[in-house]
Amino acid sequence: MIPEHISTILNLKSDFPILNQTHQTGNPLTYLDSAASSQMPTIVIEAVNDYHRRYHANVHRGIHQLSELATEGYELARKKVKGFINAKSKREIIFTKGTTEGINLVAQSWGRANLKEGDVVLLSQMEHHSNIIPYQMLAQEKGFTVRFIPITATGEIDLVVYQQLLADNPVKLVGVTHCSNVLGTINPITEMARLAHEYGAIIVVDGAQSTPHMPVDMQALDVDFFAFSGHKMCAPTGVGVLYGKQALLEAMPPFLGGGSMINEVTWDGFTPAELPAKFEAGTPNIAQAIGLGYAIDYLQAIGIENIHQHVQTVTTYALDQLRQVPSIQIYGDSPSRGGVIAFTLGNIHAHDLSQALDFEGIAVRSGHHCAQPLHRLLGVSATTRASFYLYTTSDDIDRLVQALNKTVQFFKG
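No experiment lies behind these values; they were computed from the predicted model shown.

### Points about helix α6 (residues 159–168)
Next up, step 1: Along α6, the residues that are buried comprise Tyr 162, Leu 165 and Leu 166. The arc enclosing the buried residues of α6, seen along the axis, measures out at 100°, which places them on a common side. When the buried face of α6 is taken as reference, the exposed residues oriented beyond 90 degrees from it are Val 160 and Asp 168.
Next up, step 2: Residues of α6 that are buried in the fold lie against β3 (120–124), β4 (145–149), β5 (171–177) and α7 (189–198).
Next up, step 3: For α6, the N-terminal cap is Asp 158; the gap from its side-chain oxygen to the backbone nitrogen of Val 160 is 3.2 Å.

### A look at the environment of His 23
Next up, step 1: As for its placement among the helices and strands, His 23 is situated in the loop between α1 (4–9) and β1 (30–31).
Next up, step 2: Dropping the residues within four chain positions of it, His 23 is found in contact with Pro 28, Leu 29, Asp 358 and Gly 361.
Next up, step 3: A polar contact is formed between the side chain of His 23 and the side chain of Thr 25, at a distance of 2.9 Å.

### Quick look at the sheet that holds strand β7 (residues 225–229)
Next up, step 1: Read across the open sheet, the seven strands follow the order β2-β8-β7-β6-β5-β3-β4; overall the sheet is mixed. Strands with a single pairing partner mark the edges of an open sheet, and in this sheet they are β2 (93–96) and β4. For this sheet the average axis-to-axis angle between neighbouring strands, irrespective of direction, equals 20°.
Next up, step 2: Note: β3 against β4, five bridges, orientation parallel.

### Structural notes on the sheet that holds strand β15 (residues 383–387)
The pairing of strands in a sheet happens through backbone hydrogen bonds and is either parallel or antiparallel.
Next up, step 1: The strand order across the open sheet formed by four strands is β11-β12-β15-β14, and the pairing between neighbours is antiparallel. Whereas interior strands pair on both sides, the edge strands pair on one side only; in this sheet they are β11 (328–331) and β14 (365–367). Sheet twist, expressed as the average angle between the axes of neighbouring strands with direction ignored, equals 30°.
Next up, step 2: Taken together, the three bridges between β14 and β15 define a ladder with antiparallel strand orientation. Among the inter-strand pairings, Gly 367 is bridged to a residue of β15, identified as Thr 383.
Next up, step 3: Those strands touched by helix α11 (residues 304–322) are β11 and β12 (340–345), and its axis lies near 10° from that of β12.

### Topic: the nonpolar core
Next up, step 1: Ranked by size, the top nonpolar core spans 73 residues in total, and within it Ile 85, Val 223 and Leu 390 carry the most contacts.
Next up, step 2: At 10 residues, the largest contribution of residues to this core is made by helix α10 (residues 286–302).
Next up, step 3: Counting residues in each nonpolar core, the second largest holds 25 residues, with Ile 348, Leu 400, Val 401 and Leu 404 among its members.

### Overview of the state of the cysteines
Next up, step 1: Tallying each qualifying case throughout the model produces zero disulfides.
Next up, step 2: With no disulfide of its own, Cys 370 lies closest to Cys 179 among cysteine sulfurs, the gap being 16 Å.
Next up, step 3: According to the relative accessible area criterion, Cys 370 is partly exposed, its value standing at 34%.

Definitions and cut-offs
- Residues numbered from 1 in each chain as written.
- Predicted model: local features only at pLDDT ≥ 70, side-chain atom pairs only at ≥ 80, totals over all residues.
- Heavy atoms only, no water.
- Buried < 20%, exposed > 50% of the residue type's maximum accessible area, 1.4 Å probe, protein only.
- Helix = DSSP H or I, 4+ residues; strand = E, 2+ residues; numbered from the N terminus.
- Arc of directions from axis to C-beta.
- Contact = heavy atoms within 4.5 Å.
- Polar contact = N/O pair within 3.5 Å; in protein donor to acceptor, adjacent residues only side chain to side chain.
- Pairing = 2+ DSSP bridges.
- Axes fitted to C-alpha atoms, helices over the stretch in contact; angles between N-to-C directions.
- Core = buried A, V, L, I, M, F, W, Y, C linked by side-chain atoms within 4.5 Å.
- Disulfide = S-S within 2.5 Å.

Read these as spatial facts, not as claims about activity.
Quick look at the structure:
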């Protein structure tokens, strides 16, 4: 069982209204899909509703009371993000729709201005499509090469080969996930950033799976860009963050054109606004950003270290229990891993298994998890993925294991 001191600290299901319901099958709802999207606590739901009920207005444009209240809430959220990830300045915090948009912003702005034929973009074999396709799209136009860092048998980045690739190629950009959404591997970002900088490259990190679960410190990591999503950390969908070092952001051209991102417009051209407005064209997702700020308040009240310890403990317990299920194959065996476990169960297709688990009230994910190249490398078309968060308990894991054993018996006939 999960140690009492951990389960007591994070006995938080009552904070999440959606988790306090019965599945349509009559079973308790067991939510094990937090890597896709976490649930929202009441404090976040109420904060978003309060904005819509009490001070819904556009930001930055008006001097009336509602607009001033909305602007205050929106910019306070930016300040909270700055503190949460230890950025040097609020100017380095760009609100986006999510991780995908943040990485596309880097590719289309920094990449378009700096990458050319003969250059190399270096990615890892465990990347989500969001950290592959933007560079492939741009490479078709600009003529640079995208190469991949191999992973080891345990699902870790081969750092020896990584350094060799940096030494042997004109690498301008390294793109890597902080925590794999399939293997669960937590990558050594500080060391990877040090090596990238040593060889003259910048590093762009997909922090979608790490930021909700563990401390992320931009000064300690020393990365150039870091993107994450609100909906994976108790906030609403539709809001995310791109952190970028101020000097890099200031040198980059705008990503989108329109309102808010300009200083002056004439018939002959325009001058962009200062950071962060330069990269926030149009009306932003105001309510969602305010919700992200309250989600950060919630996570910090619990303590991100406590959350990390809890998820680690839950994951260890889940691995121990799942390994006892007949014919299960778990992917990824890094000693440093997050709260994600992808697996197959004998010859049962991942979609059939996911549906069988849903009949038991258990929500998991099935498919290639937007990581088709990695799944081809693993030799499978799809996996089932259980993922955990601060509200996951040992009872949730026990129900998953019981349902898997039941499914094995069912398919045996």
